[in-house]
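What the coordinates show
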Amino acid sequence: MDELLVARVRLLDQQGRSVKAIARALGMSAGEVVGVLNDAAAGPGRGEPRCWVNAGWSRSVDLESAPQWAGLDPGASDAEEVRGLVAVLVAADSTRSTKAQVAGFLLDVWCLAVKNALAPEPMSESRLAGHRGLYSSAYEGHVQVPADLARALVFGAAAYARGFGFEPEEELAEEFTEAAALLGEPADPGPIGFGRDGKPFFVNGPYDDPEAVLRTLRRAVGDDGFHFELAFPEQPSRRRRLFGPRW
């Protein structure tokens, strides 16, 4: 990539511009911008991204092949319910800026995988601290985890859902791609098991299309290959953000 263009990306990043704003200003894709920022941050003083997941996350997945991670969820026994939704927050630091690029995911680890994603945006440490609290407000708090665990959750859940024919679409696909770039390359295969009791288990949210999901599951695994529970019978009108307002 042209050195002048790389320099302009880094300058706009230092000014606190978001990945999408930089991409629009320079006529680049968001993925290209994230790649430049990751390369810039790969020098001394910057290691793996910092990652957090909601307390109780481990109760929704199978860690039989990853027992080393079972102890990283001290609040698991206090979680009020197991619902198959895991929130992952990622912050990639840079040696060239005091702000971290922050992205997030809401994962349905039992069936659909990517329910929502927040594309990277710059945050100071104080804003990030507040964002973490807001991000996990629907749970019993959050815990910091290694980046390898976050990668196994995000990319593993996406691969599991893809096997049944579920992929993020349109704007969600774009935001997932941008957010996932902060995590780096996925581990293949991941050690975490998904689904519930060995099968996909679909529990619809208010913005899912149950009939479409069930048709896809029946094509993929047949009537006996999955379980489901319909909590919201209404048809969705549009997707909304599930993590509250942006900062």
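In this text the structure is predicted, and so the values were computed from the model without any measurement. (Residues numbered from 1 in each chain as written. Predicted model: local features only at pLDDT ≥ 70, side-chain atom pairs only at ≥ 80, totals over all residues. Heavy atoms only, no water.)

**Describing the overall build of the protein**
Our working rule: Only DSSP runs of H or I covering at least 4 residues are called helices, and only runs of E covering at least 2 are called strands; the numbering of each starts at the N terminus. Working rule for contacts: check all heavy atoms of both residues, and any pair within 4.5 Å makes them a contact.
If you tally the helices and strands in the protein, you get seven helices and seven strands. The secondary structure elements of the protein, listed N-terminal to C-terminal, are α-α-α-β-β-β-β-α-β-α-α-β-α-β. Contacts in the protein between residues far apart in sequence, at least 24 positions, make up 73% of those at least 6 positions apart.

**Some details on the sheet that holds strand E4 (residues 113-123)**
Which entries qualify depends on this criterion: For two strands to pair, DSSP has to find at least two bridges joining them. Fitting a line to C-alpha atoms yields each axis, with helices limited to the stretch in contact; the angle taken between N-to-C directions then spans 0 to 180 degrees.
Spatially, E4-E3-E2-E1-E5 is the arrangement adopted by the five strands of the open sheet, whose pairing is antiparallel. A single partner strand is all that each edge strand has here, and the edge strands are E4 and strand E5 (142-145). Taking the axes of each pair of neighbouring strands and ignoring which way they run, one obtains an average angle of 20 degrees across the sheet. For strand E2 (residues 85-94) and strand E3 (residues 97-108), the ladder comprises nine bridges, and the chain directions are antiparallel. When the sheet's bridge partners are listed, Leu 85 is paired in E3 with Asp 108.

**Looking at the packing of aromatic side chains**
Rules: Two aromatic rings from Phe, Tyr or Trp, using only the six-membered ring of Trp, form a pair when their centres are within 6.5 Å; if the ring planes differ by under 30 degrees the pair is stacked, by over 60 it is edge-to-face, and anything between is tilted. Burial classes follow relative accessibility: with a 1.4 Å probe on protein chains only, a residue under 20% of its type's maximum area counts as buried, one over 50% as exposed, and anything between as partly exposed.
One pass over the structure, following the stated rule, counts five aromatic pairs. With 6.1 Å between their ring centres and 40 degrees between their planes, Tyr 160 and Phe 194 make a pair best called tilted. Of this pair, Tyr 160 sits in helix H5 (residues 147-162) while Phe 194 is found in the loop between helix H6 (170-181) and strand E6 (201-203), placing the two residues 34 residues apart along the sequence. Given the relative accessible area of 19%, Tyr 160 is considered buried. The class of Phe 194 is buried, set by a relative accessible area of 13%. With a centroid separation of 6.1 Å and an interplanar angle of 35 degrees, the aromatic rings of Phe 226 and Phe 228 are classed as tilted. Assessed through its relative accessible area of 6%, Phe 226 is described here as buried.

**Section: the side chain of Ser 58**
Along the polypeptide, Ser 58 turns up in the loop between strand E1 (50-54) and E2. Every residue in contact with Ser 58, bar those within four places of it in the chain, is listed here: Leu 63, Asp 73 and Ala 76.

**Overview of the confidence of the model for the protein**
Convention followed: For every residue, the predictor assigns a confidence score, pLDDT, that lies between 0 and 100.
The predicted model of the protein averages 85 in pLDDT, with 86% of residues at 70 or higher. pLDDT under 50 marks residues 239-247. Its contacts with residues more than four places away, or in other chains, come to 35 contacts.

**Observations concerning unusual backbone geometry**
Glycine aside, residues mostly have negative phi angles, and peptide bonds mostly take the trans form. One non-glycine residue, Glu 170, lies in the positive phi region at around 50 degrees. Following the sequence through the fold, Glu 170 ends up in helix H6. For Asp 197, which is not glycine, the phi dihedral falls at a positive 55 degrees. In this structure, Asp 197 sits in the loop between H6 and E6.

**Some points on the pattern of salt bridges**
Definition in use: In the sections that follow, a salt bridge refers to a side-chain nitrogen of Lys or Arg positioned within 4 Å of a carboxyl oxygen of Asp or Glu.
Throughout the structure, instances matching the rule amount to eight salt bridges. Glu 175 is paired through a salt bridge with Lys 20; the nearest N and O atoms lie 3.5 Å apart. With a gap of 155 residues between them, Glu 175 in helix H6 and Lys 20 in helix H2 (residues 19-26) connect regions that are remote in the sequence. According to the relative accessible area criterion, Glu 175 is buried, its value standing at 0%. In this structure, the salt-bridge partner of Arg 50 is Asp 93, at a minimum N-O distance of 2.7 Å.

**As for the nonpolar core**
Here is the rule: Nonpolar core, defined: a set of buried Ala, Val, Leu, Ile, Met, Phe, Trp, Tyr and Cys residues in which side-chain atoms within 4.5 Å join the residues together.
Counting residues in each nonpolar core, the largest one holds 63 residues, and the members touching the most others are Trp 57, Val 88, Phe 105, Leu 153 and Leu 217. Tallying contributions element by element places H5 first for this core, with eleven residues. Grouped together as the second largest cluster of nonpolar side chains are twelve residues, Ala 91, Ala 100, Val 102 and Leu 128 included.

**Observations regarding the pairing of E5**
The alternating pattern of E5 places Val 143 and Val 145 on a buried face and His 142 and Gln 144 on a face that is not buried. Where E1 meets E5, four bridges bridge the pair, whose relative direction is antiparallel. Looking at E5, one finds that Cys 51 is bridged to Val 145.

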